[in-house]
Amino acid sequence: MRRWIIGISGALLMALSVLGYLLFMNHLEHSKSTVETLMPVRTLLSGEVVDVSLLHSVTVSSAAHRADAVMDPNELIGKQVVVPIGRDEEFAAWKLSEVKLTPMTGERYYSFKTDAATNVNNMVRRGDRVDVWVEWKGQTSDQREERITAVKIIESLPVAGVKTAEGVEVGDKFGVDSMLAGDAAQLASSRGRAPGKPELNTYIMSDEVYAAFAAASVHGTIRLALPNLTEANSEPARVTSEFADWLAHNAVKPELLNLESEGVKP
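Just so we're clear, the structure is a prediction, and the values are computed from it rather than from any experiment.

*Asks:* Honestly, the overall build of the protein chain in this entry has me stumped. Any pointers?
*Replies:* Scanning the protein chain for helices and strands turns up six helices and 10 strands. The buried share of the protein chain, taken over its 266 residues, is 35%. Counted over contacts in the protein chain with a minimum sequence separation of 6, partners at least 24 positions apart contribute 72%. Within the structure as shown, the protein chain displays about 16000 Å² of accessible surface, and the carbon and sulfur contribution to it stands at 57%.

Written out as structure tokens, the structure reads:
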């Protein structure tokens, strides 16, 4: 009887050891095939700033994990969403940017009228950085045929707000179909679904940048240009040397501004 008890006990211990080993190997295999990452608690739209309340930890398979996902919360907090991020998406690095929505020393908020065409087919959003051009009509040497001429005025100008006529911030609509597309397609899709039309742009400008913008507005039509939004850009806004040179030779004379009709003597 004693031998039976010893034999059964030994077999039981061996079975428990094998089971423990199998459970350990299964856990090890599972840990290798999954990744702990971060996702938003809800869909985040363009222009929103990430804070800790919008983050939660999720376990995903290694196959589903994005190589460019940001998994350190310290690298996410304070970043601005460039393209909508779904609640079941990781935080792709290219969908986030450094936020600049308040003026620094020597800067001010300035607002100007705008429209969908100026705003790159209504694709400009709060937090973007745009290049600014002035476009005007000139004449050829025979003074009969007109031609279009343009000069870039400002580079990397921060947009602090894009409002509709009703004062609502222009944002993006987010569709599930956009999550299934590639990065470039997601960008085009989200920026092409604005629910409102832009009426007023607010920029963050230094005195020099504002003076250039105002001078260009007198000379011709303002056009905005969007650079590659997937590339980070924290450079300060600057007036281009091309426009500074052009303005030095083409400054508007007071009489061309029709100041006398405004009751102001040139």
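*Asks:* It is not clear to me how the nonpolar core should be interpreted in this structure. Could you clarify?
*Replies:* Side chains of a nonpolar character, in soluble globular proteins, are inclined to be buried together. With 26 residues, the main nonpolar core has V132, I153, Y203 and F243 as its most contacted residues. For this core, the elements supplying multiple residues, two or more each, are β5 (107-113), β6 (129-139), β7 (146-163), β8 (200-206), α5 (207-219), β9 (221-225) and α6 (241-249). When residues no more than four places from it in sequence are discounted, the contact partners of V132 are V151, K152, I153, I154, L157, F213, I222, R223 and L224. Of all hydrophobic cores here, the second largest spans 11 residues; its members include V50, L55, I85 and F91.

*Asks:* I would appreciate a short explanation of the pattern of salt bridges in the present structure.
*Replies:* Side chains bearing opposite charge may pair, as long as their charged atoms lie close to each other. The final tally for this structure, using the stated rule, is eight salt bridges. The shortest N-O distance in the salt bridge between D131 and K152 comes to 3.6 Å. Of this pair, D131 sits in strand β6 while K152 is found in strand β7, placing the two residues 21 residues apart along the sequence. You can call D131 buried: its relative accessible area is 17%. A salt bridge links E155 to K152; the nearest nitrogen and oxygen atoms lie 3.1 Å apart.

*Asks:* I keep staring at α5 and nothing clicks. Help me out?
*Replies:* Side chains of residues three or four places apart in an α-helix project in the same direction, reflecting 3.6 residues per turn. For α5, built from 13 residues, the straight-helix expectation of 18 Å at 1.5 Å per residue is met to within 8% by its first-to-last C-alpha distance of 19 Å. For α5, the full list of buried residues reads V209, A212, F213, A215 and A216. Viewed along the axis of α5, the buried residues span an arc of 165 degrees, placing them on a single side of the element.

*Asks:* When you look at the packing of aromatic side chains in this model, what are you seeing that I'm missing?
*Replies:* Each aromatic ring pair is specified by the distance between its two centres and by the angle formed by the two planes. Under the counting rule described, the total for this entry stands at seven aromatic pairs. Arranged with centres 6.1 Å apart and planes meeting at 45 degrees, the rings of F112 and Y203 form a pair that is tilted. With F112 in strand β5 and Y203 in strand β8, the pair connects residues that are 91 residues apart, well separated along the chain. Grouped by ring-pair contacts, the aromatic residues Y110, F112, Y203, Y210 and F213 constitute a single cluster.

*Asks:* Any chance you could explain the environment of S206 here in plain terms?
*Replies:* By the secondary structure assignment, S206 is in strand β8. Considered as a pair, S206 and Y110 are 96 residues apart in the sequence and their alpha carbons are 9.6 Å apart. Sequence-distant contacts of S206, that is, excluding residues within four places in its chain, are made with G106 and E107.

*Asks:* Can you walk me through unusual backbone geometry in this structure?
*Replies:* Both trends apply: most residues other than glycine have a negative phi, and most peptide bonds are in trans. A positive phi angle is found at V120, which is not glycine, with a value near 55 degrees. Take V120: it is sitting in the loop between β5 and β6. A residue is classified by how much of its surface remains accessible, and V120, at 23% relative accessible area, is partly exposed. Of note in this structure, S156 is not a glycine but carries a positive phi near 60 degrees. Along the chain, the position of S156 falls in strand β7.

*Asks:* Looking at this structure, how should I read the environment of V50?
*Replies:* Tracing the sequence through the fold places V50 in the loop between β1 (34-40) and β2 (55-61). Through-space distance from the C-alpha of V50 to that of L96 is 9.1 Å; in sequence the pair is 46 residues apart. V50 has contacts with L44, L55, L76, I77, G78, K79, V81, F91 and L96, leaving out every residue within four places of it along the chain.

*Asks:* Would you mind showing me how to read the confidence of the model for the protein chain here?
*Replies:* A low pLDDT score tells you not to read the predicted coordinates there in detail. Taken as a whole, the protein chain shows an average pLDDT of 79; of its residues, 72% reach a score of 70 or greater. Within the model, pLDDT remains below 50 along residues 176-180, and this stretch shows seven contacts once partners closer than five positions in the same chain are excluded.

*Asks:* When you look at the environment of V81 in this model, what are you seeing that I'm missing?
*Replies:* Within the secondary structure, V81 is located in strand β3 (residues 79-81). The spacing of V81 and L96 is 15 residues in sequence and 4.8 Å in space, taken between C-alpha atoms.

*Asks:* Is there a simple way to explain the side chain of E90 in this structure?
*Replies:* Assignment of secondary structure puts E90 in the loop between β3 and β4 (96-98). Summary of buried charges: E90 has no salt-bridge partner, and the nearest side chain of opposite charge, R66, is 5.9 Å away. A distance of 2.6 Å separates the side chain of E90 from the side chain of T37, its partner in a polar contact. Those residues in contact with E90 that sit more than four places away from it in its chain are T37, L38, M39, A64, H65, R66, A69 and I85.

Procedures and definitions
- Residues numbered from 1 in each chain as written.
- Predicted model: local features only at pLDDT ≥ 70, side-chain atom pairs only at ≥ 80, totals over all residues.
- Heavy atoms only, no water.
- Helix = DSSP H or I, 4+ residues; strand = E, 2+ residues; numbered from the N terminus.
- Buried < 20%, exposed > 50% of the residue type's maximum accessible area, 1.4 Å probe, protein only.
- Contact = heavy atoms within 4.5 Å.
- Areas by Shrake-Rupley, 256 points an atom, 1.4 Å probe, with all protein chains shown as cover.
- Core = buried A, V, L, I, M, F, W, Y, C linked by side-chain atoms within 4.5 Å.
- Salt bridge = Lys/Arg side-chain N within 4 Å of Asp/Glu carboxyl O.
- Expected span 1.5 Å × (residues − 1).
- Arc of directions from axis to C-beta.
- Phe/Tyr/Trp six-rings, centres within 6.5 Å; stacked < 30°, edge-to-face > 60°.
- pLDDT = per-residue confidence, 0-100.
- Lys, Arg positive; Asp, Glu negative; His and termini not counted.
- Polar contact = N/O pair within 3.5 Å; in protein donor to acceptor, adjacent residues only side chain to side chain.

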